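Structural overview
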Amino acid sequence: MRTFSAIAGSALFLVVAPGVVAGLAPWLLTDHYRKPLSALPSFVPAGSLLVVGAATLLLHAFARFALEGLGTPAPVAPTEKLVVGGIYRHVRNPMYVAVLAIILGQALIFSSWAVLVYGLVAAAAMVSFVKIYEEPTLTNRYGAEYETYRRAVPGWLPRLTPWRGQ
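Residues numbered from 1 in each chain as written. Predicted model: local features only at pLDDT ≥ 70, side-chain atom pairs only at ≥ 80, totals over all residues. Heavy atoms only, no water.

Notes on the side chain of Thr79
Formally: What counts as a helix is a DSSP run of H or I of at least four residues, what counts as a strand is a run of E of at least two, and both are numbered from the N terminus. Pairing of N or O atoms within 3.5 Å defines a polar contact, subject to two protein rules: one partner must be a possible hydrogen donor and the other a possible acceptor, and residues neighboring in sequence count only if both atoms are side-chain atoms. Here, residues are in contact when the closest pair of their heavy atoms is within 4.5 Å.
Mapped onto the fold, Thr79 is located in the loop between helix H2 (43–67) and helix H3 (94–110). At a separation of 2.8 Å, a polar atom in the side chain of Thr79 contacts the main-chain carbonyl oxygen of Lys81. There is a polar contact of 2.7 Å between the side chain of Thr79 and the side chain of Tyr142. The contacts of Thr79, once residues within four sequence positions are left out, are Phe65, Gly69, Leu70, Gly71, Thr72, Arg141 and Tyr142.

Below is the structure:
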């Protein structure tokens, strides 16, 4: 896939998938962000930091797919190369982790139990998708390279020191 196509496809997928899961759904659950902000001290700043930090990591991860992997996160247009640079040296599923952090941040900002429960359901769906579809697909596509990476880098809780493989 050409770099421009990979960037365009990744940008489109960013709007469609994380945009809906971490943006549209919480927006609807918080009455279009008109719900009052949390009255609990530090919930709004902590939630805001989570949202901004996670959004930054999400954009980094999407850029890695387009520029390093020459593909997209969408299953219909996968990367040509296994993406293991940048944030992927710390955690295998940074996009999912970032999306969940964005949802959690919004739950804190609005003290919203609905958004928190939604986040838990989204987490269960993501973990299931990774186990049932992504890991077997990546093993079939990249073989021993992915298996080495999978054993060295945690899927959900980032390691503090970057993996130095490859």
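Structure's up, so let's keep going.
Let's talk about the packing of aromatic side chains
Stated formally: Only Phe, Tyr and Trp rings take part, Trp by its six-membered ring, and two of them pair if their centres are within 6.5 Å. Stacked means planes under 30 degrees apart, edge-to-face means over 60, and tilted covers everything else.
Applying the stated criterion to the full structure yields seven aromatic pairs. Among the aromatic residues, those joined into a cluster by ring pairs are Tyr146, Tyr149 and Trp163.

Re unusual backbone geometry
In this structure, Asp31 takes a positive phi of about 55° despite not being glycine. Counting through the fold element by element, Asp31 comes out in the loop between helix H1 (3–29) and H2.

Brief notes about the environment of Pro78
Inspection of the secondary structure puts Pro78 in the loop between H2 and H3. The spatial distance from the C-alpha of Pro78 to the C-alpha of Pro26 is 28 Å, given a sequence separation of 52 residues. Pro78 has contacts with Leu70, Gly71, Thr72 and Arg141, leaving out every residue within four places of it along the chain.

Section: the packing of H1 against helix H4 (residues 113–142)
This is how it is decided: Interaxial angle, 0 to 180 degrees, is taken between N-to-C directions of lines fitted to C-alpha atoms, where a helix line uses only the stretch in contact. Small angles under 35 degrees read as roughly parallel and large ones over 145 as roughly antiparallel, with 65 to 115 read as roughly perpendicular and the rest as oblique. Left-handed describes a crossing whose near helix is turned anticlockwise from the far helix through less than a right angle; right-handed describes the clockwise counterpart. Gly is put with the polar residues, along with every residue not named as nonpolar or charged; the nonpolar set is Ala, Val, Leu, Ile, Met, Phe, Trp, Tyr, Cys and Pro, and the charged set is Asp, Glu, Lys and Arg.
As a packed pair, H1 and H4 sit with axes 10 Å apart at the nearest point and diverge in direction by 150°. In this view, H1 runs roughly antiparallel relative to H4, as classed from their interaxial angle. The crossing of H1 and H4 is right-handed. Taken together, the residues of H4 that come into contact with H1 (itself represented by Val20, Val21, Ala25, Pro26 and Leu29) are Ala114, Val115, Tyr118 and Met126. Looking at the contact of H1 with H4 residue by residue, the class counts come to nine nonpolar, no polar and no charged.

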